[in-house]
Amino acid sequence: MLTFVGLGLYDLGDISVKGLESVKCADTVFLEAYTSRLMGTDVPDMEAFFEKEVRVLAREDVEGDPREILDCAARSRVAFLTGGDPMVSTTHADLRMRAAAAGIETSIIHASSISSAVSGLSGLQNYRFGKSCSVPFPAKGWFPTAPVETVAANLALNLHTLVYLDIQKDRYMRVPEAIAILEEMAEKRGIEPPALYVGIARAGSEHPVVAAGDGAKLKETEFGLPLHILVVPAELHPMEREYLEMFAGL
């Protein structure tokens, strides 16, 4: 049995009762730690909370060669933990299909996701979001511009864009960095940079930061510790504007 368990957004308090019961009953517990991270806890705290060893997986362990996960699930109960929801943003549909093809029973225990939290924190209506994109840290000789092209395409359709920010082993992209990178991408592509952004930090924590404004304003805003995420809004509905004025300093 392979059970995908969402941990939610920020700390161990976000896991559902159903998810906690599944982890407690598991023979083996894996943690996917490369697409998202719970910044309000760490692996030792998880192990103490679950009273289980937590085996941390890298991307290649899941997307490259997941045989260890599947072998364990073929003979015992496995809990596969992810930040957020297992099938939203941190989607693991491929692993579930591989398990099913191998005759392994699977299930999903859902949890809060940044995709829904962004709408709640920003007041931007969830049905008005278009295709999302991710901004990576540039590397030597590599500076893709696809993210700003996605933003421009959504704006042309009057749709908001959820912009995921790069997470690496030893660094986390922050809102001011992401805006600077998007502006450079826009310049390279000859595209007008976005006029309005909404930056969010530490969604799911007791004190998230939400700020709205133009690029110049948000590049000077102190968002604090990660994780951060960015939204490029389309034309605002009056209620969206009022919400951002009330809760995000627009």
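Residues numbered from 1 in each chain as written. Predicted model: local features only at pLDDT ≥ 70, side-chain atom pairs only at ≥ 80, totals over all residues. Heavy atoms only, no water.

Trainee: I tried to follow the overall build of the protein on my own but got confused; where do I start?
Mentor: A count of helical and extended segments in the protein gives ten helices and ten strands. Against the compact-globule benchmark of 18 Å for 250 residues, the protein has a radius of gyration of 19 Å, which places it among compact chains. In terms of principal-axis extent, the alpha carbons of the protein reach across some 55 × 40 × 30 Å. Across the protein, the fraction of contacts at a sequence separation of at least 24, relative to all contacts at a separation of at least 6, is 76%. Accessible surface for the protein amounts to roughly 12,200 Å². Of this, 52% is attributable to carbon and sulfur atoms. Side chains of the protein carry 23 positive and 35 negative charges; the gap between the two charge centres is 4 Å. (Helix = DSSP H or I, 4+ residues; strand = E, 2+ residues; numbered from the N terminus. Rg over C-alpha atoms; globule rule 2.2 N^0.38 Å. Contact = heavy atoms within 4.5 Å. Areas by Shrake-Rupley, 256 points an atom, 1.4 Å probe, with all protein chains shown as cover. Lys, Arg positive; Asp, Glu negative; His and termini not counted. Charge placed at Lys NZ, Arg CZ, Asp CG, Glu CD.)

Trainee: Quick question: what am I supposed to make of the nonpolar core here?
Mentor: One recurring pattern in soluble globular proteins: nonpolar side chains tend to sit buried together. Of all hydrophobic cores here, the largest spans 22 residues; its most connected members are V135, V163, L165, M173, L182, Y197 and L230. If near-sequence neighbours (up to four positions away) are discounted, M173 is found in contact with V135, P136, F137, L165, D166, A178, I181 and H228. Listed in part, the 17 residues of the second largest apolar core include L9, I114, A203 and A212. (Core = buried A, V, L, I, M, F, W, Y, C linked by side-chain atoms within 4.5 Å. Buried < 20%, exposed > 50% of the residue type's maximum accessible area, 1.4 Å probe, protein only.)

Trainee: What exactly am I supposed to notice about unusual backbone geometry here?
Mentor: Negative phi values dominate among residues other than glycine, just as trans dominates among peptide bonds. Of the consecutive residues P226 and L227, the connecting peptide bond is found in the cis state with omega at 5 degrees. Inspection of the secondary structure assignment puts L227 in the loop between α9 (215–219) and β10 (228–232). One non-glycine residue, E51, lies in the positive phi region at around 60 degrees. Here E51 lies in the loop between α2 (43–50) and β3 (54–57). Its identity is not glycine, yet R202 carries a phi of approximately 60 degrees, on the positive side. Checked against the element boundaries, R202 lands in the loop between β8 (197–201) and β9 (209–213).

Trainee: How should the sheet that holds β9 be read in this particular structure?
Mentor: Strands belonging to one sheet form pairs held by backbone hydrogen bonds; the direction of such a pair is parallel or antiparallel. With mixed pairing, the five strands of this open sheet are ordered in space as β6-β7-β10-β8-β9. Strand pairing shows two members of the sheet lacking a second neighbour, β6 (133–135) and β9, which therefore form its edges. On average, each strand axis in the sheet is inclined to that of its neighbour by 25 degrees, with strand direction left out of account. Where β8 lies against β10, four bridges are found, and the strand directions are antiparallel. In the strand pairing of β10, A201 is matched with H228. (Pairing = 2+ DSSP bridges. Axes fitted to C-alpha atoms, helices over the stretch in contact; angles between N-to-C directions.)

Trainee: Please clarify how the sheet that holds strand β2 (residues 28–32) should be interpreted in this entry.
Mentor: The five strands are arranged β3-β2-β4-β1-β5 in an open sheet whose pairing can be described as parallel. Strands with a single pairing partner mark the edges of an open sheet, and in this sheet they are β3 and β5 (106–109). Along the sheet, successive strands turn relative to each other by an average axial angle of 25 degrees, direction set aside. With five bridges joining them, strand β1 (residues 2–6) and strand β4 (residues 78–82) adopt parallel strand pairing. Paired with G6 across the two strands is T82, which belongs to β4. Helix α1 (residues 17–25) rests against β1, β2, β4 and β5 of the sheet, and its axis sits at about 135 degrees to β1.

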